[in-house]
Amino acid sequence: MKFYPINRDRVLTFALGPSLYYSYGAYEAYRDMGDYSQPVDREYFDRQVHSLGILANAYLDVTIAKQFVMGLQMGLGINYLTLEKDKMRNGVQTTKQEVFQPVGQFTLSFAYRF
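So, a few notes on the structure that sits alongside this text. (Residues numbered from 1 in each chain as written. Predicted model: local features only at pLDDT ≥ 70, side-chain atom pairs only at ≥ 80, totals over all residues. Heavy atoms only, no water.)

Side note on the sheet that holds strand β1 (residues 12–33)
1) Next: Strand order across the open sheet formed by four strands is β1-β2-β3-β4, with antiparallel pairing between neighbours. A single partner strand is all that each edge strand has here, and the edge strands are β1 and β4 (93–112). Across the sheet, the axes of successive neighbouring strands diverge by a mean angle of 15°, strand direction being ignored.
2) Next: For strand β2 (residues 41–65) and strand β3 (residues 68–88), the ladder comprises 20 bridges, and the chain directions are antiparallel. Within the sheet, the bridge partner assigned to Gly53 lies in β3 and is Asn79. (Pairing = 2+ DSSP bridges. Helix = DSSP H or I, 4+ residues; strand = E, 2+ residues; numbered from the N terminus. Axes fitted to C-alpha atoms, helices over the stretch in contact; angles between N-to-C directions.)

Here you go:
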């Protein structure tokens, strides 16, 4: 959702808006087991990461030509919840939860208006 404090039909436009986001990722990783005096054993596991948060965004759009627009988007917010689940090869599962982490984003976009 965007709110335009000034008219949208100018060369330079500015907008504000909130964003709610959810992200998910899964990958295979490993941990080195043992110390440095002996050969290292690796413990492989599958990790799933879920994140949920909110951002306050500021948008700046520059109309370069009548139908060509360049946009900048910047956002700052809070990651309310991050949940990491590790499932080891031997079946053991561990869970780690983190709350209230700062998060930011930056986006550069180019658009063609029809």
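Concerning the packing of aromatic side chains
1) Next: For the structure on display, the rule yields four aromatic pairs.
2) Next: Look at Tyr80 and Phe100: their rings are 5.7 Å apart centre to centre, the planes differ by 85°, and that puts the pair in the edge-to-face class. Within this pair, whereas Tyr80 is found in strand β3, its partner Phe100 is found in strand β4, the two being separated by 20 residues in sequence.
3) Next: On the basis of relative accessible area, Tyr80 is assigned to the partly exposed category, the value being 37%.
4) Next: With centroids separated by 5.4 Å and ring planes inclined at 85°, the aromatic side chains of Tyr112 and Phe114 adopt a geometry described as edge-to-face. In this pair, the class of Tyr112 matches that of Phe114, namely exposed. (Phe/Tyr/Trp six-rings, centres within 6.5 Å; stacked < 30°, edge-to-face > 60°. Buried < 20%, exposed > 50% of the residue type's maximum accessible area, 1.4 Å probe, protein only.)

Quick notes on the side chain of Glu84
1) Next: Tracing the sequence through the fold places Glu84 in strand β3.
2) Next: Buried charge without a salt bridge: Glu84, with Arg47 as the nearest opposite-charge side chain at an N-O distance of 4.0 Å. (Lys, Arg positive; Asp, Glu negative; His and termini not counted. Salt bridge = Lys/Arg side-chain N within 4 Å of Asp/Glu carboxyl O.)

Some points on the pattern of salt bridges
1) Next: Using the criterion set out here, one finds four salt bridges in the structure.
2) Next: Note that Glu28 is salt-bridged to Arg89, the shortest N-O span being 2.4 Å. Residue Glu28 is found in strand β1, and its partner Arg89 is found in the loop between β3 and β4; the two are separated by 61 residues along the sequence.
3) Next: Among the ionic contacts, a cluster of salt bridges with common partners joins Glu28, Asp46 and Arg89.

Regarding the environment of Tyr80
1) Next: A sequence separation of 26 residues divides Tyr80 from Ile54, and the C-alpha atoms of the two residues are 7.6 Å apart.
2) Next: If we skip the residues at most four places from it in the chain, Tyr80 touches Leu52, Gly53, Ile54, Glu98, Val99 and Phe100. (Contact = heavy atoms within 4.5 Å.)

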